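Structure assessment
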Amino acid sequence: MKIGFDIRPLMDSSYSGVSEFTKEILLGMLALDQEDDFRLYYNSFRQVEHRFPEFKQGNVHVTSTHYPNKLFNYIFQKHLHWPKLDRSAEADVFFAPHINFYALSRSCPSILVVHDLSFLRYPHFFSWRKNVWHSQLAAKKLVHEFTKVVAISENTKTDLVELCGVKPEKIEVIHSGIASSYAPVERRSQAVLEARKKYGLAGRFIMTLGTVEPRKNIEGLIKAFEIMLDNNQGLGDLELVIAGGRGWKSEAIIKTWQTSRYRDKIKFIGYVDNRDKSSLYSSAELFVFPSFYEGFGFPPLEAMACGTPVVSSFASSLPEVLGTAAAYADPFDAADMAKAMASVLADEEASADLRKKGLAQAARFTWPAASEKYLKLIRSVR
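Throughout what follows, the structure given in this document is the object of discussion. Keep in mind it's a predicted model, so treat the numbers as computed, not measured.

Regarding the sheet that holds strand 1 (residues 2-6)
- Read from one edge to the other, the open sheet built from seven strands follows the order 3-2-1-4-5-6-7, with strand pairing classed as parallel. Edge positions in the sheet fall to strand 3 (60-65) and strand 7 (171-173), since each has one partner strand and no second. Direction aside, neighbouring strands of the sheet carry axes that sit 25 degrees apart on average.
- With six bridges connecting them, strand 2 (residues 37-43) and strand 3 associate as parallel partners. Pairing of Tyr-42 across the sheet is with Ser-64, part of strand 3.
- On the sheet, helix 1 (residues 17-32) packs against strand 1, strand 2, strand 3, strand 4 (93-96) and strand 5 (110-114) and is oriented at approximately 165 degrees with respect to strand 1.

The following block contains the structure:
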């Protein structure tokens, strides 16, 4: 069987959750399947081969086109319905790891992975430019053009049914995994010391990680941090570390930081290299994830895998993924978030319990297990 696989998410200069998902699922499938042919497809006007792994397997073939992306997406794929990506890849089945512009043959079985529908559920979290792009994608129509749709959580499945009218029987729920590289790192190790120096972290800190954008509720976290320090003098030595690149509509978040009375205790450290994440997670006293909406939620699981206690919002998919291994707070209530953070930090027994539960919870989500389920689904639609 020839499996067409869209690797356009691997063209990103800095990998996001979707890029990491695409890489891990593809590598996982290749490790499990040496018999089927994998026909990888991408389009890029620029030379981007250095951005994705070098595939040396004999059953991997890479096909590419080199049109400007706007021309390719808006004109060729959306309006001319050309080229048919499954035909370009000479595929028997086509696998799409993310919502994008797709022109596919009706005769070719196809699978689309939907990570989240935040742009439909909460369009006000996005810039006008991003909302225009989302409208051009026409996701509500697109999801019906695939043979099967994969939701990465039950929450995303619910959104597909409610917001797009997809029949439940067409949807397969397959939870994503986290890399095996996420594991506890000794705080006095050279790796931790180097990571702390690299990002300018000297003392005790609590941490969050994600693109700095409204959906991640960084403003609420800053306010919660202020309330926590006001009400708990014993926690005054803590800093708040905000990791992640700046996204759309981040100006209000930066202003909230600049006007904070604890500005000097709040650090934006930007995009974090994957090789440094375990060291930073392991160094944190607490990982906080106050997001308003997540299709899955990789960072809190990664932090759990590193033995760090987690406080999370109880929104969308997060309770489904994190289970009883996190402490929860209302993302719309900064005081509630402050209380949850302070409670875990002040109670060594509760903190230790969350560390133990977190390690066990994170171990449930592996890429090999997810890859096996995807391969089984691909074979079932052929």
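This is not the end of the story, as more comes after the structure.
Considerations on the packing of aromatic side chains
- Considering all chains together, one arrives at 25 aromatic pairs under this definition.
- Centroid distance Phe-21 to Trp-367: 5.9 Å. Interplanar angle 65 degrees. Geometry classified as edge-to-face. In this pair, Phe-21 is assigned in helix 1 and Trp-367 in helix 16 (residues 367-381), connecting sequence segments 346 residues apart. The pair Phe-21 / Trp-367 is uniform in exposure class, with both members buried.
- Three or more aromatic residues link up through ring pairs in this structure, and these residues are Phe-5, Phe-21, Phe-95, Phe-296, Phe-298, Phe-365, Trp-367 and Tyr-374.
- Over the ring of Trp-133 we find Lys-130, and its NZ or CZ is 4.8 Å from the ring centre.
- Over the ring of Trp-257 we find Arg-263, and its NZ or CZ is 4.7 Å from the ring centre.

A closer look at the nonpolar core
- By size, the foremost hydrophobic cluster in this structure holds 65 residues, and its most contacted members are Ile-25, Met-29, Phe-38, Phe-95, Met-207, Leu-301 and Tyr-374.
- A per-element tally of this core places helix 16 first, with seven residues.
- Every residue in contact with Leu-301, bar those within four places of it in the chain, is listed here: Ile-178, Phe-296, Val-321, Leu-322, Gln-361, Ala-362 and Phe-365.

Regarding helix 7 (residues 154-164)
- For helix 7, the full list of buried residues reads Asn-155, Thr-156, Asp-159, Leu-160 and Cys-164. The buried residues of helix 7 occupy an angular sector of 145 degrees when the element is viewed end-on, so they sit on one face.
- Just downstream of helix 7, Gly-165 is the residue with a positive phi angle, here 70 degrees.

Observations concerning the sheet that holds strand 10 (residues 266-270)
- What the six strands build is an open sheet, ordered 10-9-8-11-12-13; its pairing is parallel. One side of each edge strand has no neighbouring strand; the edge strands of this open sheet are strand 10 and strand 13 (327-329). For this sheet the average axis-to-axis angle between neighbouring strands, irrespective of direction, equals 25 degrees.
- Across three bridges, strand 12 (residues 310-313) lies against strand 13 in parallel orientation. Bridged to Val-311 within strand 13 is Ala-327.

Thoughts on the pattern of salt bridges
- Scanning the entire structure with this criterion turns up 22 salt bridges.
- In this structure, Asp-6 engages Arg-8 in a salt bridge whose closest nitrogen and oxygen atoms are separated by 3.0 Å. The residues Asp-6 and Arg-8 share a single accessibility class, namely buried.
- For Glu-162, the salt bridge goes to Arg-121, with nearest N and O atoms at 3.1 Å. Of this pair, Glu-162 sits in helix 7 while Arg-121 sits in helix 4 (residues 118-121), and the two are 41 residues apart along the sequence.
- Among the charged side chains, a salt-bridge network with shared partners connects Arg-187, Arg-204, Asp-237 and Glu-285.

Focus: the packing of helix 9 (residues 218-231) against helix 14 (residues 334-346)
- Orientation of helix 9 relative to helix 14, taken along the N-to-C sense of each, is 60 degrees, at an axis distance of 8 Å. Between helix 9 and helix 14, the angle is such that the two are oblique. Where helix 9 crosses over helix 14, the two elements pack in a sense that is right-handed. Mapping the contact onto sequence places Gly-220, Leu-221, Lys-223, Ala-224, Phe-225, Ile-227 and Met-228 in helix 9 and Ala-334, Ala-335, Met-337, Ala-338, Met-341, Ala-342 and Leu-345 in helix 14.
- Counted by class, the contact of helix 9 with helix 14 contains 12 nonpolar, one polar and one charged residues.

Digging into unusual backbone geometry
- Put simply, Trp-82 and Pro-83 share a cis peptide bond, and its omega is -5 degrees.
- Relative to the assigned elements, Pro-83 resides in the loop between helix 2 (69-80) and helix 3 (85-88).
- Of note in the backbone geometry, Ala-138 takes a positive phi value of approximately 55 degrees without being a glycine.
- For Ala-138, the position within the fold is in the loop between helix 5 (128-137) and helix 6 (139-142).
- Residue Ser-316 is not a glycine yet carries a positive backbone phi of 45 degrees.
- With respect to the helices and strands, Ser-316 occurs in the loop between strand 12 and helix 13 (318-322).
- By relative accessible area, Ser-316 is classed as partly exposed at 25%.

Cut-offs and rules
Residues numbered from 1 in each chain as written. Predicted model: local features only at pLDDT ≥ 70, side-chain atom pairs only at ≥ 80, totals over all residues. Heavy atoms only, no water. Pairing = 2+ DSSP bridges. Helix = DSSP H or I, 4+ residues; strand = E, 2+ residues; numbered from the N terminus. Axes fitted to C-alpha atoms, helices over the stretch in contact; angles between N-to-C directions. Contact = heavy atoms within 4.5 Å. Phe/Tyr/Trp six-rings, centres within 6.5 Å; stacked < 30°, edge-to-face > 60°. Buried < 20%, exposed > 50% of the residue type's maximum accessible area, 1.4 Å probe, protein only. Lys NZ or Arg CZ within 6 Å of the ring centre and 35° of its normal. Core = buried A, V, L, I, M, F, W, Y, C linked by side-chain atoms within 4.5 Å. Arc of directions from axis to C-beta. Salt bridge = Lys/Arg side-chain N within 4 Å of Asp/Glu carboxyl O. Parallel < 35°, antiparallel > 145°, perpendicular 65-115°, else oblique. Left-handed = near helix turned anticlockwise from the far one by under 90°. Nonpolar A, V, L, I, M, F, W, Y, C, P; charged D, E, K, R; others polar.

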